[in-house]
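# Fold and geometry: a report
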Amino acid sequence: MLVENSRSYAQMLAAELRERLQLEVVAVSSLAAAREALQHGPPFFLALTGLVLPDADPARIARLLVDHGLPIVVVTGVYDDATRQQMAALPIIDYVLKEAPDTIDYLVWLVRRLHSNRGIAALVVEPAGPARAETSALLALYGFRVCERDTGAAGLQALSADPAMRLVVVDHDLADMDGVEFTRRARQGRPRDILSIVGASSGGGAPRIARFLKHGANDFIAKPYSREEFMCRISQNVDNLELIGTLQDLATRDYLTGLANRRHFFDAGRRALATQRGPVSLAMLDIDHFKHINDTHGHEAGDAALVAVAAAIAAHARPGDVVARFGGEEFCVLAGGLDGDAAVGFFERLRESIAALRIPFRQQSLSLTVSIGVCHRHDTDLYALLADADRLLYLAKAAGRNRIGTDVRVLA
Ligand SMILES: Nc1nc2c(ncn2[C@@H]2O[C@H](COP(=O)(O)OP(=O)(O)OP(=O)(O)O)[C@@H](O)[C@H]2O)c(=O)[nH]1
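Residues numbered from 1 in each chain as written. Predicted model: local features only at pLDDT ≥ 70, side-chain atom pairs only at ≥ 80, totals over all residues.

## Some details on the overall build of the chain
What the chain contains, in helices and strands, is 15 helices and 17 strands. Expected size for 412 residues packed as a compact globule is a radius of gyration near 22 Å; at 28 Å, the chain overshoots this value by more than 25%. Each principal axis of the C-alpha atoms in the chain carries an extent, and together these give about 85 × 60 × 35 Å. For the chain, contacts bridging at least 24 residues in sequence account for 62% of all contacts bridging at least 6. (Helix = DSSP H or I, 4+ residues; strand = E, 2+ residues; numbered from the N terminus. Rg over C-alpha atoms; globule rule 2.2 N^0.38 Å. Contact = placed C-beta atoms within 7 Å.)

Rendered as C-alpha coordinates:
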(Lines give C-alpha, C1' and ligand atoms only; values in the text may rest on other atoms or scores of the structure.)
Protein backbone atom coordinates (compact mmCIF):
# COMPACT_ATOMS: atom_id res chain seq x y z
CA MET A 1 0.00 0.00 0.00
CA LEU A 2 1.22 3.44 -0.87
CA VAL A 3 -0.15 6.33 1.23
CA GLU A 4 0.84 9.59 -0.41
CA ASN A 5 -0.93 12.88 -0.86
CA SER A 6 1.08 14.02 -3.87
CA ARG A 7 -0.69 12.39 -6.77
CA SER A 8 2.20 12.76 -9.20
CA TYR A 9 4.75 11.25 -6.78
CA ALA A 10 2.38 8.40 -5.94
CA GLN A 11 1.82 7.65 -9.62
CA MET A 12 5.52 7.66 -10.40
CA LEU A 13 6.48 5.44 -7.46
CA ALA A 14 3.57 3.04 -7.98
CA ALA A 15 4.45 2.69 -11.67
CA GLU A 16 8.09 1.88 -10.86
CA LEU A 17 7.09 -0.72 -8.24
CA ARG A 18 4.59 -2.35 -10.57
CA GLU A 19 6.89 -2.40 -13.56
CA ARG A 20 10.13 -3.38 -11.92
CA LEU A 21 8.81 -5.77 -9.27
CA GLN A 22 5.50 -6.94 -10.78
CA LEU A 23 3.82 -6.14 -7.48
CA GLU A 24 0.26 -5.02 -7.02
CA VAL A 25 0.26 -1.49 -5.56
CA VAL A 26 -2.77 0.25 -4.08
CA ALA A 27 -2.21 4.01 -3.81
CA VAL A 28 -4.35 6.15 -1.47
CA SER A 29 -4.08 9.81 -0.55
CA SER A 30 -5.89 10.14 2.78
CA LEU A 31 -6.38 8.42 6.12
CA ALA A 32 -9.99 7.64 5.21
CA ALA A 33 -8.94 6.00 1.94
CA ALA A 34 -6.20 4.06 3.72
CA ARG A 35 -8.74 2.78 6.25
CA GLU A 36 -11.08 1.77 3.43
CA ALA A 37 -8.31 -0.07 1.56
CA LEU A 38 -7.21 -1.90 4.71
CA GLN A 39 -10.77 -3.11 5.21
CA HIS A 40 -11.74 -3.95 1.65
CA GLY A 41 -8.51 -4.10 -0.38
CA PRO A 42 -6.21 -7.05 -1.00
CA PRO A 43 -3.99 -8.34 1.83
CA PHE A 44 -0.95 -6.05 2.13
CA PHE A 45 2.53 -7.02 3.27
CA LEU A 46 4.00 -3.52 3.46
CA ALA A 47 2.98 0.13 3.60
CA LEU A 48 4.99 3.00 2.18
CA THR A 49 3.57 6.11 3.73
CA GLY A 50 4.01 9.85 3.63
CA LEU A 51 3.32 11.81 6.79
CA VAL A 52 1.43 14.78 5.39
CA LEU A 53 -2.20 13.93 4.73
CA PRO A 54 -5.27 16.17 4.46
CA ASP A 55 -7.18 14.36 7.19
CA ALA A 56 -4.59 13.10 9.69
CA ASP A 57 -1.41 14.03 11.51
CA PRO A 58 1.71 11.85 11.02
CA ALA A 59 1.23 9.78 14.16
CA ARG A 60 -2.34 8.84 13.24
CA ILE A 61 -1.64 7.37 9.85
CA ALA A 62 1.42 5.53 11.18
CA ARG A 63 -0.62 4.20 14.09
CA LEU A 64 -3.41 2.99 11.78
CA LEU A 65 -0.95 1.01 9.68
CA VAL A 66 0.85 -0.42 12.70
CA ASP A 67 -2.46 -1.45 14.27
CA HIS A 68 -3.17 -3.44 11.11
CA GLY A 69 0.13 -5.26 11.56
CA LEU A 70 1.74 -3.62 8.56
CA PRO A 71 5.46 -2.91 8.51
CA ILE A 72 6.03 0.70 7.48
CA VAL A 73 8.54 2.54 5.38
CA VAL A 74 8.11 6.28 5.79
CA VAL A 75 8.64 8.23 2.57
CA THR A 76 8.53 11.88 3.38
CA GLY A 77 9.67 15.36 2.48
CA VAL A 78 9.86 16.48 6.10
CA TYR A 79 11.67 14.74 8.82
CA ASP A 80 12.35 17.12 11.69
CA ASP A 81 13.30 16.18 15.24
CA ALA A 82 9.73 16.27 16.52
CA THR A 83 8.52 13.86 13.83
CA ARG A 84 11.55 11.65 14.34
CA GLN A 85 10.71 11.35 18.05
CA GLN A 86 7.06 10.59 17.32
CA MET A 87 8.06 7.85 14.90
CA ALA A 88 10.83 6.36 17.03
CA ALA A 89 8.29 4.56 19.21
CA LEU A 90 6.72 2.81 16.22
CA PRO A 91 8.03 -0.26 14.41
CA ILE A 92 9.21 1.53 11.31
CA ILE A 93 11.55 -0.24 8.93
CA ASP A 94 13.10 2.81 7.41
CA TYR A 95 12.46 6.42 6.59
CA VAL A 96 13.40 7.80 3.25
CA LEU A 97 13.63 11.43 2.25
CA LYS A 98 11.80 12.04 -1.00
CA GLU A 99 14.18 14.67 -2.25
CA ALA A 100 17.33 12.61 -1.81
CA PRO A 101 18.89 11.50 -5.09
CA ASP A 102 18.17 7.89 -6.13
CA THR A 103 15.23 7.65 -3.70
CA ILE A 104 13.07 5.74 -6.17
CA ASP A 105 15.82 3.21 -6.90
CA TYR A 106 16.42 2.79 -3.18
CA LEU A 107 12.70 2.24 -2.52
CA VAL A 108 12.40 -0.30 -5.33
CA TRP A 109 15.40 -2.15 -3.91
CA LEU A 110 13.97 -1.99 -0.37
CA VAL A 111 10.51 -3.23 -1.36
CA ARG A 112 12.02 -6.05 -3.40
CA ARG A 113 14.24 -7.00 -0.46
CA LEU A 114 11.34 -6.97 2.02
CA HIS A 115 9.18 -8.99 -0.35
CA SER A 116 11.88 -11.64 -0.88
CA ASN A 117 12.65 -11.83 2.84
CA ARG A 118 9.26 -13.42 3.34
CA GLY A 119 10.58 -16.62 1.79
CA ILE A 120 13.72 -16.73 3.96
CA ALA A 121 14.05 -18.53 7.30
CA ALA A 122 16.33 -16.84 9.83
CA LEU A 123 17.71 -18.29 13.05
CA VAL A 124 18.52 -16.25 16.16
CA VAL A 125 20.87 -18.00 18.58
CA GLU A 126 20.97 -16.21 21.91
CA PRO A 127 19.67 -16.86 25.44
CA ALA A 128 16.04 -15.75 25.83
CA GLY A 129 15.62 -12.19 27.04
CA PRO A 130 15.00 -8.64 25.86
CA ALA A 131 18.11 -8.59 23.63
CA ARG A 132 17.06 -11.69 21.71
CA ALA A 133 13.50 -10.39 21.52
CA GLU A 134 14.82 -7.22 19.89
CA THR A 135 16.85 -9.13 17.29
CA SER A 136 13.92 -11.39 16.46
CA ALA A 137 11.44 -8.52 16.32
CA LEU A 138 13.65 -6.62 13.86
CA LEU A 139 14.09 -9.65 11.63
CA ALA A 140 10.33 -10.33 11.74
CA LEU A 141 9.69 -6.68 10.90
CA TYR A 142 11.86 -7.13 7.79
CA GLY A 143 9.70 -10.09 6.83
CA PHE A 144 11.93 -13.04 7.72
CA ARG A 145 10.47 -16.22 9.18
CA VAL A 146 12.25 -16.22 12.53
CA CYS A 147 13.25 -19.21 14.62
CA GLU A 148 14.91 -18.78 18.04
CA ARG A 149 17.30 -21.05 19.99
CA ASP A 150 18.88 -20.51 23.44
CA THR A 151 22.12 -22.44 23.07
CA GLY A 152 24.76 -23.21 20.47
CA ALA A 153 23.88 -26.91 20.47
CA ALA A 154 20.18 -26.20 19.93
CA GLY A 155 21.10 -23.73 17.18
CA LEU A 156 23.24 -26.31 15.36
CA GLN A 157 20.41 -28.82 15.64
CA ALA A 158 17.95 -26.31 14.18
CA LEU A 159 20.30 -25.73 11.25
CA SER A 160 20.60 -29.45 10.57
CA ALA A 161 16.84 -29.89 10.81
CA ASP A 162 16.13 -27.12 8.30
CA PRO A 163 18.64 -26.96 5.45
CA ALA A 164 16.58 -24.12 3.95
CA MET A 165 17.73 -21.77 6.73
CA ARG A 166 19.68 -18.98 5.04
CA LEU A 167 20.51 -16.51 7.80
CA VAL A 168 21.80 -16.84 11.36
CA VAL A 169 22.31 -14.03 13.85
CA VAL A 170 24.35 -15.40 16.75
CA ASP A 171 25.25 -13.60 19.94
CA HIS A 172 28.72 -14.10 21.37
CA ASP A 173 27.58 -15.06 24.87
CA LEU A 174 25.95 -18.49 24.81
CA ALA A 175 25.80 -20.87 27.76
CA ASP A 176 27.40 -23.92 26.14
CA MET A 177 29.89 -22.41 23.66
CA ASP A 178 30.71 -18.93 22.55
CA GLY A 179 29.28 -17.46 19.35
CA VAL A 180 32.60 -17.86 17.55
CA GLU A 181 32.69 -21.59 18.29
CA PHE A 182 29.07 -21.86 17.16
CA THR A 183 30.03 -20.09 13.93
CA ARG A 184 32.96 -22.42 13.34
CA ARG A 185 30.77 -25.50 13.78
CA ALA A 186 27.79 -24.13 11.85
CA ARG A 187 30.07 -23.31 8.93
CA GLN A 188 31.13 -26.94 8.45
CA GLY A 189 29.35 -28.16 5.35
CA ARG A 190 27.57 -24.82 4.92
CA PRO A 191 29.68 -22.43 2.85
CA ARG A 192 29.26 -18.66 2.97
CA ASP A 193 27.29 -18.66 -0.26
CA ILE A 194 24.62 -20.96 1.22
CA LEU A 195 24.27 -19.66 4.77
CA SER A 196 24.96 -16.16 6.00
CA ILE A 197 26.15 -16.05 9.61
CA VAL A 198 26.18 -12.69 11.35
CA GLY A 199 27.93 -12.44 14.72
CA ALA A 200 26.62 -9.98 17.30
CA SER A 201 28.05 -8.76 20.58
CA SER A 202 27.98 -5.84 22.96
CA GLY A 203 31.63 -6.20 23.91
CA GLY A 204 34.98 -7.70 23.04
CA GLY A 205 36.03 -4.94 20.67
CA ALA A 206 37.97 -5.40 17.45
CA PRO A 207 39.61 -8.73 18.41
CA ARG A 208 36.18 -10.33 18.87
CA ILE A 209 34.98 -9.04 15.51
CA ALA A 210 38.10 -10.46 13.86
CA ARG A 211 37.60 -13.85 15.56
CA PHE A 212 34.00 -14.05 14.31
CA LEU A 213 35.05 -13.21 10.77
CA LYS A 214 38.08 -15.53 10.77
CA HIS A 215 35.95 -18.44 11.95
CA GLY A 216 33.45 -18.09 9.16
CA ALA A 217 31.02 -15.26 9.97
CA ASN A 218 29.90 -13.29 6.93
CA ASP A 219 29.51 -10.16 9.02
CA PHE A 220 29.38 -8.70 12.52
CA ILE A 221 26.98 -6.23 14.15
CA ALA A 222 27.75 -4.37 17.36
CA LYS A 223 25.13 -4.16 20.10
CA PRO A 224 23.11 -2.20 21.01
CA TYR A 225 21.96 -2.11 17.41
CA SER A 226 21.53 0.95 15.35
CA ARG A 227 18.32 -0.08 13.60
CA GLU A 228 19.48 1.37 10.30
CA GLU A 229 22.85 -0.39 10.45
CA PHE A 230 21.15 -3.66 11.39
CA MET A 231 18.79 -3.41 8.43
CA CYS A 232 21.54 -2.48 5.99
CA ARG A 233 23.91 -5.25 7.08
CA ILE A 234 21.26 -7.96 7.17
CA SER A 235 19.89 -6.85 3.80
CA GLN A 236 23.34 -6.79 2.22
CA ASN A 237 24.06 -10.28 3.49
CA VAL A 238 20.88 -11.78 2.05
CA ASP A 239 21.34 -9.72 -1.13
CA ASN A 240 24.75 -11.34 -1.52
CA LEU A 241 23.33 -14.84 -1.05
CA GLU A 242 20.74 -14.15 -3.72
CA LEU A 243 23.27 -12.67 -6.08
CA ILE A 244 25.51 -15.71 -5.74
CA GLY A 245 22.44 -17.93 -6.25
CA THR A 246 21.60 -16.03 -9.44
CA LEU A 247 25.15 -16.36 -10.73
CA GLN A 248 25.20 -20.07 -9.93
CA ASP A 249 21.89 -20.44 -11.69
CA LEU A 250 23.20 -18.63 -14.76
CA ALA A 251 26.24 -20.88 -14.80
CA THR A 252 24.38 -24.16 -14.41
CA ARG A 253 21.00 -23.60 -16.06
CA ASP A 254 20.06 -23.48 -19.72
CA TYR A 255 18.59 -20.06 -20.32
CA LEU A 256 15.99 -21.11 -22.91
CA THR A 257 14.48 -24.23 -21.35
CA GLY A 258 15.30 -23.77 -17.66
CA LEU A 259 16.80 -27.28 -17.55
CA ALA A 260 20.26 -27.87 -16.16
CA ASN A 261 22.98 -27.28 -18.74
CA ARG A 262 25.74 -29.59 -19.94
CA ARG A 263 28.18 -28.34 -17.32
CA HIS A 264 25.75 -29.08 -14.51
CA PHE A 265 24.98 -32.48 -16.04
CA PHE A 266 28.64 -33.47 -15.70
CA ASP A 267 28.81 -32.33 -12.06
CA ALA A 268 25.48 -33.81 -10.97
CA GLY A 269 25.93 -36.92 -13.15
CA ARG A 270 29.34 -37.72 -11.62
CA ARG A 271 27.95 -37.23 -8.13
CA ALA A 272 24.96 -39.48 -8.89
CA LEU A 273 27.20 -42.22 -10.35
CA ALA A 274 29.52 -42.12 -7.35
CA THR A 275 26.67 -42.96 -4.99
CA GLN A 276 24.74 -45.31 -7.28
CA ARG A 277 24.76 -48.96 -6.23
CA GLY A 278 22.97 -50.80 -9.03
CA PRO A 279 22.99 -50.31 -12.80
CA VAL A 280 22.19 -46.90 -14.30
CA SER A 281 20.44 -45.90 -17.50
CA LEU A 282 21.79 -43.04 -19.53
CA ALA A 283 19.57 -41.71 -22.29
CA MET A 284 20.49 -39.22 -24.96
CA LEU A 285 17.49 -37.71 -26.77
CA ASP A 286 17.65 -35.79 -30.02
CA ILE A 287 14.73 -34.09 -31.76
CA ASP A 288 14.24 -35.56 -35.24
CA HIS A 289 14.69 -33.25 -38.21
CA PHE A 290 14.85 -30.28 -35.93
CA LYS A 291 16.53 -28.21 -38.59
CA HIS A 292 13.40 -28.68 -40.67
CA ILE A 293 11.26 -27.10 -37.89
CA ASN A 294 13.59 -24.09 -37.83
CA ASP A 295 13.70 -23.85 -41.61
CA THR A 296 9.93 -24.20 -42.08
CA HIS A 297 8.54 -22.20 -39.16
CA GLY A 298 11.49 -20.06 -38.05
CA HIS A 299 13.81 -20.13 -35.04
CA GLU A 300 11.13 -18.86 -32.68
CA ALA A 301 9.11 -22.00 -33.42
CA GLY A 302 12.27 -24.05 -32.93
CA ASP A 303 12.74 -22.44 -29.53
CA ALA A 304 9.11 -23.14 -28.58
CA ALA A 305 9.64 -26.77 -29.56
CA LEU A 306 12.78 -27.01 -27.42
CA VAL A 307 10.92 -25.53 -24.44
CA ALA A 308 8.02 -27.97 -24.88
CA VAL A 309 10.30 -31.01 -25.20
CA ALA A 310 12.31 -29.90 -22.16
CA ALA A 311 9.09 -29.54 -20.14
CA ALA A 312 7.94 -33.01 -21.21
CA ILE A 313 11.27 -34.53 -20.16
CA ALA A 314 11.23 -32.67 -16.82
CA ALA A 315 7.66 -33.82 -16.15
CA HIS A 316 8.55 -37.43 -16.97
CA ALA A 317 11.71 -37.51 -14.83
CA ARG A 318 11.53 -38.81 -11.28
CA PRO A 319 13.10 -37.14 -8.25
CA GLY A 320 16.79 -38.02 -8.31
CA ASP A 321 17.04 -38.34 -12.10
CA VAL A 322 19.59 -35.98 -13.62
CA VAL A 323 18.12 -34.13 -16.59
CA ALA A 324 19.86 -31.61 -18.81
CA ARG A 325 19.81 -29.88 -22.15
CA PHE A 326 23.08 -31.21 -23.44
CA GLY A 327 23.32 -28.74 -26.27
CA GLY A 328 21.34 -27.70 -29.38
CA GLU A 329 18.41 -30.08 -29.71
CA GLU A 330 19.99 -32.80 -27.55
CA PHE A 331 18.90 -33.73 -24.03
CA CYS A 332 20.29 -36.21 -21.48
CA VAL A 333 18.68 -38.15 -18.69
CA LEU A 334 20.60 -40.20 -16.14
CA ALA A 335 18.27 -42.49 -14.23
CA GLY A 336 19.04 -45.04 -11.54
CA GLY A 337 17.02 -47.78 -9.90
CA LEU A 338 15.51 -49.28 -13.06
CA ASP A 339 16.22 -52.74 -14.40
CA GLY A 340 16.79 -53.08 -18.14
CA ASP A 341 13.18 -53.65 -19.16
CA ALA A 342 11.91 -50.92 -16.89
CA ALA A 343 14.49 -48.51 -18.32
CA VAL A 344 13.39 -49.18 -21.88
CA GLY A 345 9.74 -48.86 -20.85
CA PHE A 346 10.47 -45.60 -19.05
CA PHE A 347 12.11 -43.99 -22.08
CA GLU A 348 9.61 -45.54 -24.49
CA ARG A 349 6.81 -43.77 -22.59
CA LEU A 350 8.79 -40.55 -22.74
CA ARG A 351 9.25 -40.95 -26.51
CA GLU A 352 5.51 -41.53 -26.92
CA SER A 353 4.56 -38.55 -24.77
CA ILE A 354 6.81 -36.27 -26.83
CA ALA A 355 5.36 -37.62 -30.09
CA ALA A 356 1.89 -36.83 -28.71
CA LEU A 357 2.76 -33.18 -27.96
CA ARG A 358 0.88 -30.53 -29.87
CA ILE A 359 2.96 -27.41 -29.46
CA PRO A 360 0.99 -24.21 -29.98
CA PHE A 361 2.85 -21.71 -32.12
CA ARG A 362 1.05 -18.65 -33.50
CA GLN A 363 -2.07 -20.06 -35.19
CA GLN A 364 -0.53 -23.49 -35.66
CA SER A 365 0.14 -26.60 -33.69
CA LEU A 366 3.54 -28.21 -34.16
CA SER A 367 4.36 -31.83 -33.57
CA LEU A 368 7.68 -33.63 -33.55
CA THR A 369 9.40 -36.83 -32.58
CA VAL A 370 12.61 -37.74 -30.81
CA SER A 371 15.13 -40.52 -31.18
CA ILE A 372 16.66 -41.86 -27.99
CA GLY A 373 19.86 -43.78 -27.30
CA VAL A 374 19.67 -45.68 -24.01
CA CYS A 375 22.57 -47.54 -22.48
CA HIS A 376 22.14 -49.50 -19.31
CA ARG A 377 24.77 -51.05 -17.07
CA HIS A 378 26.73 -50.73 -13.88
CA ASP A 379 29.35 -48.07 -14.61
CA THR A 380 30.78 -45.05 -12.90
CA ASP A 381 32.39 -43.55 -15.99
CA LEU A 382 30.07 -40.85 -17.25
CA TYR A 383 32.08 -40.26 -20.44
CA ALA A 384 31.89 -43.95 -21.35
CA LEU A 385 28.12 -44.00 -20.75
CA LEU A 386 27.66 -40.86 -22.83
CA ALA A 387 29.71 -42.25 -25.69
CA ASP A 388 27.57 -45.39 -25.75
CA ALA A 389 24.27 -43.52 -25.48
CA ASP A 390 25.42 -41.34 -28.37
CA ARG A 391 26.29 -44.39 -30.48
CA LEU A 392 22.89 -45.96 -29.73
CA LEU A 393 21.19 -42.68 -30.59
CA TYR A 394 22.95 -42.73 -33.95
CA LEU A 395 21.63 -46.27 -34.54
CA ALA A 396 18.08 -45.13 -33.67
CA LYS A 397 18.39 -42.30 -36.19
CA ALA A 398 19.78 -44.62 -38.84
CA ALA A 399 16.94 -47.11 -38.22
CA GLY A 400 14.34 -44.49 -39.12
CA ARG A 401 14.07 -42.08 -36.12
CA ASN A 402 11.19 -41.78 -33.59
CA ARG A 403 12.52 -44.84 -31.80
CA ILE A 404 14.86 -46.07 -29.11
CA GLY A 405 18.28 -47.53 -29.75
CA THR A 406 19.40 -49.56 -26.77
CA ASP A 407 21.89 -52.15 -25.62
CA VAL A 408 19.24 -53.68 -23.35
CA ARG A 409 17.98 -56.95 -24.67
CA VAL A 410 14.25 -56.46 -24.16
CA LEU A 411 12.43 -59.59 -23.02
CA ALA A 412 9.53 -60.56 -25.22
N1 LIG B 1 15.66 -22.59 -32.69
C2 LIG B 1 16.79 -23.11 -32.22
N3 LIG B 1 17.52 -23.91 -33.02
C4 LIG B 1 18.66 -24.47 -32.53
C5 LIG B 1 19.10 -24.20 -31.23
N6 LIG B 1 20.26 -24.90 -31.02
C7 LIG B 1 20.51 -25.58 -32.16
N8 LIG B 1 19.55 -25.33 -33.08
C9 LIG B 1 19.43 -25.83 -34.45
O10 LIG B 1 19.26 -27.24 -34.41
C11 LIG B 1 19.50 -27.74 -35.71
C12 LIG B 1 20.14 -29.11 -35.59
O13 LIG B 1 20.11 -29.68 -36.84
P14 LIG B 1 20.84 -31.02 -37.25
O15 LIG B 1 22.01 -31.25 -36.31
O16 LIG B 1 21.13 -30.96 -38.71
O17 LIG B 1 19.85 -32.17 -36.91
P18 LIG B 1 18.30 -32.43 -37.26
O19 LIG B 1 17.75 -31.48 -38.26
O20 LIG B 1 17.59 -32.47 -35.93
O21 LIG B 1 18.33 -33.84 -37.90
P22 LIG B 1 18.47 -35.25 -37.24
O23 LIG B 1 19.09 -35.07 -35.88
O24 LIG B 1 19.37 -36.00 -38.17
O25 LIG B 1 17.11 -35.85 -37.15
C26 LIG B 1 20.37 -26.71 -36.42
O27 LIG B 1 19.61 -26.13 -37.43
C28 LIG B 1 20.64 -25.67 -35.31
O29 LIG B 1 20.68 -24.34 -35.84
C30 LIG B 1 18.32 -23.31 -30.40
O31 LIG B 1 18.62 -23.01 -29.24
N32 LIG B 1 17.18 -22.80 -30.95
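Still to come is the rest of the account.
## With respect to the nonpolar core
Counting 55 residues, the largest nonpolar core has Tyr-142, Val-168 and Val-198 as the members making the most contacts within it. With five residues, the single largest contributor to this core is strand 8 (residues 165–171). Counting only domains with at least three residues in this core, you end up with domain 1 (2–107) and domain 2 (118–251). In terms of nonpolar packing, the next biggest core, distinct from the first, is built from 44 residues, Ala-260, Met-284, Val-370 and Ala-389 among them. (Core = buried A, V, L, I, M, F, W, Y, C linked by C-beta atoms within 7 Å. Buried ≥ 20, exposed ≤ 12 C-beta atoms within 10 Å, placed from the backbone. Domains from an automatic or database assignment.)

## Some thoughts on the site of the ligand
In the region of the ligand, 17 residues are neighbours, and Phe-290, Lys-291, His-299, Gly-302 and Gly-328 sit closest. Put simply, the parts of the chain that give the shell around the ligand at least two residues each are strand 11 (280–287), helix 12 (290–297) and helix 13 (299–316). Counted by class, the shell around the ligand contains four nonpolar, six polar and seven charged residues. (Near = placed C-beta within 6 Å. Nonpolar A, V, L, I, M, F, W, Y, C, P; charged D, E, K, R; others polar.)

## Observations regarding the UniProt feature "domain: Response regulatory" (unreviewed entry) in the chain
Look at the UniProt record and you will see "domain: Response regulatory" (unreviewed entry) annotated at residues 1–113 and 121–238. Secondary structure content for residues 1–113 is 48% helix and 16% strand, and the end C-alpha separation is 16 Å. (UniProt positions renumbered as here; feature names shortened; annotations may be inferred.)

## Regarding the packing of helix 7 (residues 152–161) against helix 8 (residues 179–187)
Here helix 7 crosses helix 8 at 20°, and the two axes come no closer than 10 Å. Regarding the angle of helix 7 to helix 8, the classification is roughly parallel. Helix 8 is crossed by helix 7, and the crossing has right-handed handedness. From helix 7, Gly-152, Gly-155, Leu-156 and Leu-159 reach across to helix 8, where they touch Glu-181, Phe-182, Arg-185 and Ala-186. (Axes fitted to C-alpha atoms, helices over the stretch in contact; angles between N-to-C directions. Parallel < 35°, antiparallel > 145°, perpendicular 65-115°, else oblique. Left-handed = near helix turned anticlockwise from the far one by under 90°.)

## A look at the environment of Ile-92
Within the secondary structure, Ile-92 sits in strand 5 (residues 92–97). Linking Ile-92 and Gly-203, residues 111 residues apart in sequence, is a C-alpha distance of 27 Å.

## Re the environment of Gly-269
Mapping Gly-269 onto the fold places it in helix 11 (residues 262–275). Between the alpha carbons of Gly-269 and Leu-334 there is a distance of 6.9 Å; along the sequence they are 65 residues apart. Apart from the residues lying within four places of it in its own chain, the contact partners of Gly-269 are Val-322, Leu-334 and Leu-382.

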